Amino acid sequence: SAVISQKPSRDICQRGTSLTIQCQVDSQVTMMFWYRQQPGQSLTLIATANQGSEATYESGFVIDKFPISRPNLTFSTLTVSNMSPEDSSIYLCSVSGITNEKLFFGSGTQLSVL
Amino acid sequence: DAKTTQPTSMDCAEGRAANLPCNHSTISGNEYVYWYRQIHSQGPQYIIHGLKNNETNEMASLIITEDRKSSTLILPHATLRDTAVYYCIVRALGGYNKLIFGAGTRLAVHP
């Protein structure tokens, strides 16, 4: 299984600022995804991070609010822009291996917006 | 992706088998049944997946009905550390096929 490191593990931010979350994998992976988990809720897929091209966003999520980069096969970033208290959530990175059979998850970034 | 239906919550005594049901009546022929769990404050953990045959690994067993419209995840000897939210997800393999999470079943294992 892939080892996924997410940074930061938690942060407290002020309204109107932006936070960039990093996801680093210890091996090359095919697919990388970003999820959001609001308090007490299940996981919601934000987007698929595509290497070398624009991310593919799910309904309800837009690039201006959640810009994503994936410069290579082992690294991706998610930025939460112009934050409001409603953005307080856990943000999780997920990756699939070469066979794309299983998805693995990082431990998440706990974001609180004041 | 096909939707799944799971009970909101279940209880299980420590040491007993935990049987978690899942309905996926609209599953397509190329979709697998996946189970993940999320222990509090952690990312989801892969448990097991299968297409139509029953599967077993070191964590659990997966029983899929012959018509593939439902399945059961079995934790043979539940421990307190198995307390978590368990998600049943159907997903086709392939490069862009995502995991779409439902509400899951909150399993509480008690002494």
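Preceding this paragraph is the structure being described.
Positions within a chain are numbered from 1, following the residues in the order the chain's sequence is written. Written order decides the labels, with chains lettered from A and ligands numbered from 1. Per-residue local features are limited, in this predicted model, to residues with pLDDT of at least 70; the limit for side-chain atom pairs, both in listing and counting, is 80 or more; totals at the level of whole chains, interfaces and linings are taken over all residues. The side-chain values count all of the structure's non-hydrogen atoms but skip hydrogen atoms and water molecules.

**Student:** Teacher, can you tell me more about the sheet that holds strand S3 (residues 31-38) of chain B here?
**Tutor:** Through backbone hydrogen bonds, the strands of a sheet pair up, either in parallel or in antiparallel fashion. All names here are of chain B. One bridge is not enough; two strands pair if DSSP finds at least two bridges between them. Helix and strand definitions follow DSSP, with helices as H or I runs of at least four residues and strands as E runs of at least two, each counted in order from the N terminus. Spatial strand order, S1-S9-S8-S3-S4: 5 strands in an open sheet with mixed pairing. The sheet is open, and its two borders are formed by strand S1 (9-13) and strand S4 (45-50), each paired with just one other strand. Each neighbouring strand pair of the sheet contributes to a mean axis angle of 25°, computed without reference to strand direction. When S3 meets strand S8 (residues 84-92), the two strands line up antiparallel, connected through 8 bridges. Considered in S8, the bridge of Gln38 is made with Val85. Helix axes are fitted to C-alpha atoms over the stretch in contact, other axes to C-alpha atoms as well, and angles between N-to-C directions run from 0 to 180 degrees.

**Student:** Can you help me understand the pairing of S3 of chain B in this one?
**Tutor:** On a regular strand, each side chain points to the face opposite its neighbour's, so the side chains alternate between the two faces of the sheet. Residues and elements named next belong to chain B. Categorising residues by exposure relies on relative accessible area from a 1.4 Å probe, with only protein chains included: less than 20% of the type maximum marks a residue as buried, more than 50% marks it as exposed, and the intermediate range marks it as partly exposed. For S3, a buried count of 8 out of 8 residues is recorded, marking the element as mostly surrounded by other parts of the structure. A two-sided burial pattern is seen for S3, the buried positions comprising Glu31, Val33, Trp35 and Arg37 on one face and Tyr32, Tyr34, Tyr36 and Gln38 on the other. Looking at chain direction, S3 and S4 are connected through 5 bridges and run antiparallel. Bridge assignment links Tyr34 to a residue of S4, and that residue is His49. Hairpin connection, S3 to S4: the antiparallel pair is bridged by 6 residues, and Ser41 has positive phi, about 70°.

**Student:** When you look at the interface of chain A and chain B in this model, what are you seeing that I'm missing?
**Tutor:** You'll often see interface size given as the accessible area lost when the parts meet. Counting residues at the interface gives 18 residues for chain A, matched by 21 residues for chain B. Overall, the association of chain A and chain B removes approximately 1600 Å² of surface from exposure, summing both partners, and the carbon and sulfur fraction of that is 55%. Salt-bridge detection follows one rule: a side-chain nitrogen of Lys or Arg within 4 Å of a carboxyl oxygen of Asp or Glu. Our count for the chain A to chain B interface comes out at 1 salt bridge. In this structure, Lys98 of chain B and Glu58 of chain A form a salt bridge, with 3.1 Å as the shortest nitrogen-oxygen distance. Definition of a polar contact: a pair of N or O atoms within 3.5 Å, with one able to donate and the other able to accept a hydrogen when the atoms are protein atoms, and with sequence-neighbouring residues admitted only if both atoms are side-chain atoms. Connecting chain A to chain B are 8 residue pairs in polar contact (both at pLDDT 80 or more). Listed by contribution, the elements that provide at least two residues to the side of chain A that touches chain B are strand S4 (31-37), strand S5 (43-49) and strand S10 (103-105) of chain A. Residue contacts are counted whenever heavy atoms from the two residues lie within 4.5 Å of one another. Once two parts are joined, some of their accessible surface, as seen by a 1.4 Å probe, is lost; buried area is that loss totalled over both.

**Student:** What is the right way to look at the sheet that holds strand S1 (residues 4-7) of chain A in this model?
**Tutor:** Residues and elements named next belong to chain A. Spatially, S1-S3-S8-S7 is the arrangement adopted by the 4 strands of the open sheet, whose pairing is antiparallel. Of all the strands in the sheet, just S1 and strand S7 (68-72) have a single pairing partner and so form its edges. Across the sheet, the axes of successive neighbouring strands diverge by a mean angle of 15°, strand direction being ignored. Sheet topology note: the S7/strand S8 (residues 75-80) ladder contains 3 bridges and is antiparallel. Among the inter-strand pairings, Ser69 is bridged to a residue of S8, identified as Thr77.

**Student:** So what exactly am I meant to see when it comes to the state of the cysteines here?
**Tutor:** Joining two cysteines, a disulfide is a covalent bond between their sulfur atoms. Throughout, disulfides are identified as pairs of cysteine sulfur atoms within 2.5 Å of each other. This structure, assessed with the given rule, holds 2 disulfides over all chains. A sulfur-sulfur distance of 1.9 Å marks the disulfide that ties Cys23 of chain A to Cys93 of chain A. Measuring the twist about the S-S bond at about -65°, one finds the Cys23 of chain A-Cys93 of chain A disulfide to be left-handed. Of this pair, Cys23 of chain A sits in strand S3 (residues 19-25) while Cys93 of chain A sits in strand S9 (residues 89-96), and the two are 70 residues apart along the sequence. Each of the two residues, Cys23 of chain A as well as Cys93 of chain A, counts as buried. Between the sulfur atoms of Cys22 of chain B and its disulfide mate Cys88 of chain B the distance is 2.1 Å.

**Student:** I tried to follow the pattern of salt bridges on my own but got confused; where do I start?
**Tutor:** Oppositely charged side chains are able to pair whenever their charged atoms sit close together. Residue and element names in this part refer to chain A. Applying the stated rule across the entire model yields 3 salt bridges over all chains. Between Asp87 and Lys65 there is a salt bridge, with the nearest N and O atoms lying 2.7 Å from each other. Here Asp87 is found in the loop between S8 and S9, whereas its partner Lys65 is found in the loop between strand S6 (56-57) and S7, with 22 residues between them in sequence.

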